Amino acid sequence: MSDEEHHFESKADAGASKTYPQQAGTIRKNGYIVIKARPCKVVEVSTSKTGKHGHAKCHFVGIDIFNGKKLEDIVPSSHNCDVPHVTRTDYQLIDISEDGFVSLLTENGNTKDDLRLPTDEQLLTQIKDGFGEGKDLVVTVMCAMGEEQICAIKDIGPK
């Protein structure tokens, strides 16, 4: 064995997992779960007791947080399920490009230009109309499992 010290460079996101395990029986309504490799918000949970030697099973109904599709899964309540790390971040809207991308201002003053306009028609018209009227808009971006999407908009007054 050598007496040398070992130095490891650590970065904030280095090796950070997109999901974490949680026992199926502890996941509740309005929580998050991964169903068919998609991050979902749980809208319904039902637990069924099975026979003499079986496991109790949890039936999850979830809505995909990015495309709104309904997904279902049945898991033994003692088994672990993947739960996505879901984060919400607010950015100020600077510009909307011709090709459907938005330019956002981060908290530290940098710009973020890799996000598309949302596919939700109502949200899309709110953003375009508000931006066209010259309002100061703050968009909320939801991020889970490497995907990002604008999910809400706030008007912080005129420019």
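It should be noted that the structure appears before, not after, this text.
Residues numbered from 1 in each chain as written. Predicted model: local features only at pLDDT ≥ 70, side-chain atom pairs only at ≥ 80, totals over all residues. Heavy atoms only, no water.

**Student:** How should I be thinking about the sheet that holds strand β3 (residues 38-48) in this particular structure?
**Tutor:** In a beta sheet, neighbouring strands pair by backbone hydrogen bonds and run either parallel or antiparallel. With antiparallel pairing, four strands are arranged side by side in an open sheet as β2-β3-β4-β5. A single partner strand is all that each edge strand has here, and the edge strands are β2 (32-35) and β5 (70-76). Averaged over all neighbouring strand pairs, the angle between strand axes comes to 45 degrees, with direction disregarded. (Pairing = 2+ DSSP bridges. Helix = DSSP H or I, 4+ residues; strand = E, 2+ residues; numbered from the N terminus. Axes fitted to C-alpha atoms, helices over the stretch in contact; angles between N-to-C directions.)

**Student:** How should helix α1 (residues 121-132) be read in this particular structure?
**Tutor:** For the α-helix, the turn length of 3.6 residues means that residues three or four positions removed from each other point alike. Helix length check: α1, at 12 residues, gives a terminal C-alpha distance of 16 Å against a target of 16 Å (1.5 Å per residue), a fit within 8%. Residues of α1 that are buried: L123, L124, I127 and G130. Down the axis of α1, the smallest arc covering the buried residues is 145 degrees, so these residues share one side. Relative to its buried face, α1 has exposed residues pointing more than 90 degrees away, namely E121, Q122 and G132. (Expected span 1.5 Å × (residues − 1). Buried < 20%, exposed > 50% of the residue type's maximum accessible area, 1.4 Å probe, protein only. Arc of directions from axis to C-beta.)

**Student:** I would appreciate a short explanation of a negative patch on the surface in the present structure.
**Tutor:** Taken together, the side chains of D95, E98, D99 and D113 make up a negatively charged region of the molecular surface. Along the chain, D113 falls in strand β9 (residues 111-116). Residue classification places D113 among the partly exposed residues on the basis of a relative accessible area of 45%. (Patch = residues over 30% accessible without salt bridge, like charges linked within 9 Å, V, L, I, M, F, W, Y side chains within 5 Å. Areas by Shrake-Rupley, 256 points an atom, 1.4 Å probe, with all protein chains shown as cover. Salt bridge = Lys/Arg side-chain N within 4 Å of Asp/Glu carboxyl O. Lys, Arg positive; Asp, Glu negative; His and termini not counted. Charge placed at Lys NZ, Arg CZ, Asp CG, Glu CD.)

**Student:** Help me understand the nonpolar core, please; the structure alone is not making it clear to me.
**Tutor:** Note on soluble globular proteins: their nonpolar side chains tend to be buried together. Counting 14 residues, the largest nonpolar core has L93, V102, L104, I127, V139, V141 and I150 as the members making the most contacts within it. Within the residue set of this core, elements represented by two or more residues are β7 (86-96), β8 (101-105), α1 and β10 (135-144). Listed in part, the 12 residues of the second largest apolar core include A24, I27, I33 and V83. (Core = buried A, V, L, I, M, F, W, Y, C linked by side-chain atoms within 4.5 Å.)

**Student:** For this particular structure, what's the right way to read the environment of V75?
**Tutor:** Within the fold, V75 resides in strand β5. Between the alpha carbons of V75 and A24 there is a distance of 6.8 Å; along the sequence they are 51 residues apart. Filtering out sequence-adjacent residues up to four positions away, V75 remains in contact with A24, A56, K57, C58, F60 and C81. (Contact = heavy atoms within 4.5 Å.)

**Student:** Sorry, what's going on with the layout of surface pockets here?
**Tutor:** Picture a little ball the size of a water molecule; that probe, rolled over the atoms, points out where space is still empty. Quantified by volume, the largest pocket comes out at close to 250 Å³. What lines the largest pocket is a set of 16 residues, and nearest its centre among them are D64, I65, F66, M142 and C151. Those elements giving two or more residues to the lining of the largest pocket turn out to be β4 (57-64) and β11 (147-158). A domain-level breakdown of the lining of the largest pocket finds at least three residues from each of domain 1 (19-84) and domain 2 (86-155). (1 Å grid on protein atoms, 1.4 Å probe; cavity = no way out; pocket = protein on both sides within 12 Å on 5 of 7 lines; lining within 4 Å. Points joined across faces, edges and corners; volume = space filled by probe spheres on them. Domains from an automatic or database assignment.)

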